Amino acid sequence: MKRSGAGVTDMNKVRADIIDGKAFAATLRQKVATQVTRLKAEYGIVPGLAVVMVGEDPASTVYVRNKERMTAEVGMNGHAFRLPADASETELLNLIGRLNADTAIHGILVQLPLPAHMDARKVINTITPEKDVDGFHVVNAGLLATGQEAMVPCTPLGCLMLLRDRLGSLAGYKALVVGASNIVGKPMAQLLLAEKCTVSIAHSRTRDLEAEVRQAEILVVAAGRAELIPGEWIRPGAVVIDVGINRIERDGKAVLVGDVAFEGAAKVAGAITPVPGGVGPMTIACLLANTLTACCRAIGASEPAELVA
């Protein structure tokens, strides 16, 4: 998006550029694979990622399987640990303790959601922060908020990479994040602040959401509500990053849609991520990038600048 005084693009355009997250993620995974080869050659180290799953949630099972496949594809060592749904919280915490102490494990991910009898915050905060490749640990959240080196949550990191690729420097842009979760919204806002954007956060109690959206040159929507943002609210030329993925019924068929009404938004925006095929593929790619970063930090190797925030 080339900036003008109003921050818009060519007003003669009839459709936004589509930001291909699937293709970007494939390139990112290749960069990770190249760096994994470098670490093995120079240090004799292969990054290790441990994925822990409790129970048999169908969606989580598919997601974990994809993580395991892509971990192997980039040359990392993947370690899968599965506990039954009725496992005790103590069993899970003890497993995390062993993984924390294992020098062959550089990243630990506990797949959410956990069974109701487990305290997800307690579990996440048991992971040593340096191995918290999801970036959810309270220490990493604090480091990110204060502008220090942290493990950054994967989805916001992927969004930031897509924005940098599209816009170059983000300094000075008016950015709005819709959604204030600890997983996406809050860390996304912190990343944009670090890029010197002017940042606002909207949420379920924002009084005039339309007015806020109309001002945004960068719009990141992670509200978890299907097509919450209609196209007519979008500022002409804005770059729209749609994190949402919602299954709805349309014309008698189940379809996936984002938190932004895509067809309407694509007529106004300068660029937009589709759903599916936008932000989604970036999350696993950034998980692999974070695991590589964690390994580099653990052994004192240089970190590839394009893989970090």
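Before any of the text, the structure's been laid out above.
1. Describing the sheet that holds strand β4 (residues 107-110)
No. 1: Read from one edge to the other, the open sheet built from three strands follows the order β3-β2-β4, with strand pairing classed as parallel. Looking at which strands have only one partner, the edges of the open sheet turn out to be β3 (77-83) and β4. Within the sheet, the average angular offset between the axes of one strand and its neighbour, ignoring direction, is 15°.
No. 2: Two elements, strand β2 (residues 48-54) and β4, share four bridges in a ladder whose sense is parallel. The partner of Val 51 across the bridge, within β4, is Leu 109.
No. 3: Along the sheet, helix α3 (residues 89-101) contacts β2, β3 and β4; its crossing angle with β2, the most-contacted strand, is approximately 180°.

2. Concerning the nonpolar core
No. 1: In this structure, Val 32, Leu 163, Met 188, Ile 218 and Ile 241 are the most contacted members of the largest nonpolar core, which totals 59 residues.
No. 2: Sort the elements by how many residues they give to this core and helix α10 (residues 280-299) lands first, with eleven residues.
No. 3: Those residues in contact with Leu 163, other than ones at most four positions away along the chain, are Gly 168, Leu 170, Met 188, Leu 192, Ile 218, Val 220, Val 239 and Ile 241.
No. 4: Ala 202, Ala 216, Leu 219 and Trp 233 belong to the second-largest nonpolar core, a separate cluster that totals 19 residues.

3. With respect to unusual backbone geometry
No. 1: Here the amide bond leading from Leu 112 into Pro 113 is cis, since omega sits at 5°, within 30 degrees of zero.
No. 2: Here Pro 113 shows up in the loop between β4 and α4 (120-124).
No. 3: Following Val 275, the chain continues to Pro 276 via a peptide bond in cis, the omega torsion being -5°.
No. 4: Here Pro 276 shows up in the loop between β11 (271-272) and α10.
No. 5: With a phi angle near 70°, Lys 196 is a residue other than glycine that sits in the positive phi range.
No. 6: Following the sequence through the fold, Lys 196 ends up in the loop between α7 (185-194) and β6 (198-202).
No. 7: Backbone geometry at Glu 227 places phi at a positive 50°, although glycine is not the residue there.

Basis of the calculations
Residues numbered from 1 in each chain as written. Predicted model: local features only at pLDDT ≥ 70, side-chain atom pairs only at ≥ 80, totals over all residues. Heavy atoms only, no water. Pairing = 2+ DSSP bridges. Helix = DSSP H or I, 4+ residues; strand = E, 2+ residues; numbered from the N terminus. Axes fitted to C-alpha atoms, helices over the stretch in contact; angles between N-to-C directions. Contact = heavy atoms within 4.5 Å. Core = buried A, V, L, I, M, F, W, Y, C linked by side-chain atoms within 4.5 Å. Buried < 20%, exposed > 50% of the residue type's maximum accessible area, 1.4 Å probe, protein only.

Taken by themselves, the reported measurements are silent on function.
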